[in-house]
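Summary of structural features
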Amino acid sequence: MGQVLETGIAMGSLYSLMALGMVLIFRTTNVVNFAQGAMAMMSTYIAFAFLTSLHWPVWAALIAAMASSLALGALVERVFIDHSSRPSAPIASLIITLGLYSVLEGVATIIWGANPTAFPWTLNGIFWHRGHLVVSTNDAATFAVTLILVVGLFALLRWTRIGLAMRAMAQDASTAQLMGISLAKISSSTWALGSALGAVSALFLLPITYLQPTMMDTALLLAFSAAVLGGFSNLPGTLLGGLIVGVLESLVGVYVSNQLQNTVVFALIIVVLYLRPQGLLGRHDIKKV
Amino acid sequence: MKRWIYPRGVIILAIILAIAFPLKFGTSYSQYTLDLILIYGLLAVGLMIAVGYAGQVSIGQSAFMGLGAYLATILTINDHWSFWLALPVAAIGAGLFGYVIGIPASRLETVYFSVLTLGLAAALPEALIQLTSVTNGYAGLTPTYPTFFGIPLRTNASFYYVALAILVILLWVAHNWISGNVGRSLVAARESPLAAQALGISVAQVKALALGISAFYAAAAGVLLAFLNQYVTPDNFSVTESFTFLAMVIVGGMNSVWGALIGAALFTVLQPLTANLQALQQVIIGAVMIVVMKFLPDGLWSLGRRTARLTRLWGEGRLHAER
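From a predicted model like this one, the values you see are computed outputs, not experimental measurements.

Side note on the overall build of chain A
Within chain A, the regular secondary structure consists of 11 helices and two strands. Along chain A, helices and strands appear, N-terminal first, in the series α-α-α-α-β-β-α-α-α-α-α-α-α. On C-alpha atoms alone, chain A measures out to a radius of gyration of 19 Å, which is about the 19 Å that the 2.2 N^0.38 rule sets for 289 residues. If you line up chain A on its principal axes, its C-alpha atoms span 60 × 50 × 35 Å. Relative to its full complement of 289 residues, chain A shows a buried share of 54%. Here the analysis covers contacts within chain A between residues at least 6 apart in sequence; of these, 75% occur between residues at least 24 apart. Per element, the accessible surface of chain A, about 12,400 Å² overall, is 68% carbon and sulfur. Across chain A, the centroid of the 12 positively charged side chains sits 13 Å from that of the 9 negatively charged ones.

Encoded structure:
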């Protein structure tokens, strides 16, 4: 049982990271990024390419992957979304990110093939164990990185100018613009940040999903349900939602069936939408229409 | 809705398709393709109502299609229902299901609707595999030919008339829906939810109804597909299918029945060209969605309509005045 919870929390942290990226993007630029998982998948393939084709050292390949995910996020925002140029139509940008998801998965399949590959470098070994409870090195690193990123993210939003600008844009974009905030700049930065959070999540999921174009499909859905649990607005709620989803997935996998995760997640989304549409920690100021 | 309308377009299309078919399309393969066009056309019309009229992007059409296909197949195999009874029951059942799950999502922003339907599309194949006792798992089920007054409809050609009849009836219903109360409420709710509510329209309810209608159409298409192929497996209803369906509606034009039909026909005809290259197909579908959304948001149908208008103005020598 303890082990099931540990695994669940480790997986849940990764779903939280991805969901935080999506909620950040959604709150600031009003676009739901359905390509979040596919973009993260691309970054892991870029790390893979640097490792295997160019024989870069691991740390350099990981840095290159993170840099490329930041760039990809900003690029997608510039080319496809461009929030600043005209009022965004929610459906249009939603469909564009869906299209991007399809394109990226297809492109990755054409370049690298559909078969799952093991990533050439993993965090092996056991970090800590007591009795039956084992914390693998990958899990320990997951916890550490999630903690650092979450604290960093909250600090960024709370105490920096760019964080303040993001919050201002989320609250009221046109007023923020009148206050001298460059919507284009903030919008791109938010996308870069959100994309990078997804890439971190994908890199730590590699030992479980392996490297394949569809590796983030399940994670995307689980991150979405984490975002739903957070009411698509509340960041602490999203974090908590990710952990709950991770633990639930782990419990269902062990005690029911490991082939029913999507069904359970779908049921969870329905229940949450009926009972707490504003999210776990949400207040009642949801947009009703 | 007080009076039913009988749009000329539907009647003309029905007559043309009914006469043209046996004359021209001899080979069994092109007959099969034509059958598929009718089936996906049906689905696309339903999806168009959800996306275009309600402004709700459903990624769950593959699931509703699968639900209809499996319901009807199970009813005819296990309970020995007739195809003609199983078809409406399965379609209405899936429609009700769509309505019920649509209610909570419709009260919120459009995001929730898409997330919910994505979840459904991911869950259904998995659930079908798990319910082996009823669905036969991966192996799938094989429905038998529908019969018409005791005559089994064995060929792609005879099936064509079944699909055509159902498409025409449901096109006529769709026309009446979207030009009547339902359609106007949907447009009102999409354009200005507050004003719609002030007029006494329950925004959440009409949006959920739109998902119900689209689920009904998808399920009817699913039943037809199952009986045409004589085979259903969970693989037929994966999330990727839903992307293709969305692309059909977006490319054709998401504000018109004819646009949806054109999109469905286009994709059905072009699909075999990339059948061996699934990844390429994925790229094309995604790219087409992005490009059309960016540069031609109302789809190919709007292009046709615009050209027609310009030609008319040009013919009347008023093109310059208009500009």
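Still more ground to cover, so stick around.
Re empty space enclosed by the protein
All names here are of chain A. Tallied over the full model, the rule gives one cavity of 30 Å³ or more. For the largest cavity, the calculated volume is near 30 Å³. The leading source of residues in the lining of the largest cavity is helix H10 (residues 235–255), at four residues. Its residues assigned to classes, the lining of the largest cavity comprises six nonpolar, one polar and one charged.

Comments concerning the interface of chain B and chain A
Listed as interface residues are 43 residues of chain B and, on the opposing side, 45 residues of chain A. Note on chain B versus chain A: buried area summed over both sides is about 4,000 Å², and carbon and sulfur give 75% of it. Joining chain B to chain A, the criterion identifies zero salt bridges. Counting across the chain B and chain A interface gives nine residue pairs in polar contact (both at pLDDT 80 or more). By residue number, the principal contributor to the side of chain B that touches chain A is helix H5 (residues 110–130) of chain B, which donates 14 residues. Looking at the side of chain B that touches chain A residue by residue, the class counts come to 31 nonpolar, eight polar and four charged.

A few points about the pairing of strand E1 (residues 126–130) of chain A
All names here are of chain A. Little of E1 is tucked away, with zero of its five residues classed as buried. For E1 and strand E2 (residues 133–136), the ladder comprises four bridges, and the chain directions are antiparallel. Residue pairing across strands places His129 opposite Val134, the latter belonging to E2.

What to know about the packing of aromatic side chains
Inspection of every chain in the model, using the stated rule, returns 16 aromatic pairs over all chains. Between B:Phe83 and B:Trp84 the ring centres are 5.0 Å apart and the planes differ by 80°, which places this aromatic pair in the edge-to-face class. Considering the side-chain rings of B:Tyr160 and B:Tyr161, the 5.6 Å spacing of their centres and the 90° angle between planes classify their relative orientation as edge-to-face. Ring pairing ties together the aromatic residues A:Phe26, A:Phe34, A:Phe224, A:Phe232 and B:Tyr112, which thus form one cluster.

Observations concerning helix H12 (residues 257–270) of chain B
Residue and element names in this part refer to chain B. Between its terminal C-alpha atoms H12 stretches 20 Å, which fits the 20 Å expected from 14 residues at 1.5 Å a residue. Residues Val257, Gly259, Ala260, Leu261, Gly263, Ala264, Phe267 and Thr268 constitute the buried set of H12. Of the residues that open H12, the one with a side-chain oxygen 3.2 Å from the backbone nitrogen of Trp258 is Ser256.

Some words on the confidence of the model for chain B
Across chain B, the average pLDDT comes to 86, with 95% of residues at or above 70. The weakest mean pLDDT in chain B belongs to helix H15 (residues 319–322) of chain B at 54; the strongest belongs to helix H3 (residues 61–78) of chain B at 95.

Details of the packing of helix H11 (residues 239–252) of chain B against helix H14 (residues 299–315) of chain B
Residue and element names in this part refer to chain B. In contact at an axis separation of 3 Å, H11 and H14 are set at 15° when each is read in the N-to-C sense. The angle between H11 and H14 places the two elements in the roughly parallel class. Residues Ile250, Val251 and Gly252 of H11 form the contact with H14, whose participating residues are Gly299, Leu300 and Trp301. Per-class residue counts for the contact of H11 with H14 are four nonpolar, two polar and no charged.

Calculation notes
- In this numbering scheme, every chain counts its residues from 1 along its sequence in written order.
- Chain letters and ligand numbers both follow the written order, the letters beginning at A and the numbers at 1.
- Under the rules for a predicted model, residues below a pLDDT of 70 receive no local features and side-chain atom pairs below 80 are neither given nor counted, while totals for whole chains, interfaces and linings still include all residues.
- Side-chain measures here rest on the full set of heavy atoms in the structure, leaving out hydrogens and waters.
- The helix count covers DSSP runs of H or I at least four residues long, the strand count covers runs of E at least two residues long, and both are numbered beginning at the N terminus.
- As a reference, a globule follows 2.2 Å times the number of residues to the power 0.38, and the radius of gyration itself is taken over C-alpha atoms.
- Think of it in three bands: with a 1.4 Å probe and only protein chains considered, a residue is buried below 20% of the maximum accessible area for its type, exposed above 50%, and partly exposed in between.
- Residues are treated as being in contact if the distance between any of their heavy atoms lies within 4.5 Å.
- What sets the accessible areas is the Shrake-Rupley method with a 1.4 Å probe; for residues, cover comes only from the shown protein chains.
- Asp and Glu are treated as the negative residues and Lys and Arg as the positive ones, with His and the ends of the chain left uncounted.
- Charge placement uses NZ in Lys and CZ in Arg. For Asp and Glu, CG and CD serve respectively.
- The rule is simple: put a 1 Å grid over the protein atoms alone, call a set of points where a 1.4 Å probe fits but cannot get out a cavity, call an open set with protein on both sides within 12 Å along at least five of seven lines a pocket, and count a residue as lining if it has an atom within 4 Å of a point.
- Grid points are joined across faces, edges and corners, and a volume is the space filled by probe spheres set on the points.
- Residues are grouped as follows: Ala, Val, Leu, Ile, Met, Phe, Trp, Tyr, Cys and Pro are nonpolar; Asp, Glu, Lys and Arg are charged; every other residue, Gly included, is polar.
- Two parts placed together each lose some accessible area under a 1.4 Å probe, and the buried area is that loss summed for both.
- Here a salt bridge means any side-chain nitrogen of Lys or Arg lying within 4 Å of a carboxyl oxygen belonging to Asp or Glu.
- Distance and chemistry together define a polar contact, namely a pair of N or O atoms within 3.5 Å, with one atom able to donate a hydrogen and the other to accept it when in protein, and with adjacent residues in sequence counting only for side-chain atoms on both sides.
- Should DSSP find at least two bridges between two strands, the strands are regarded as paired.
- Here is the rule: rings of Phe, Tyr and Trp (six-membered ring for Trp) pair when centre to centre is within 6.5 Å. Planes less than 30 degrees apart are stacked, more than 60 are edge-to-face, and the remainder are tilted.
- Under the convention used throughout, the expected extent of a helix is 1.5 Å for every residue step, that is, one less than its residue count.
- The quantity known as pLDDT measures the predictor's confidence residue by residue, on a range of 0 to 100.
- In this description, a line fitted to the C-alpha atoms serves as the axis of each element, helices being fitted only across the stretch in contact, and the angle between N-to-C directions of two axes falls anywhere from 0 to 180 degrees.
- Note on terminology: angles under 35 degrees are roughly parallel, angles over 145 are roughly antiparallel, angles of 65 to 115 are roughly perpendicular, and the others are oblique.

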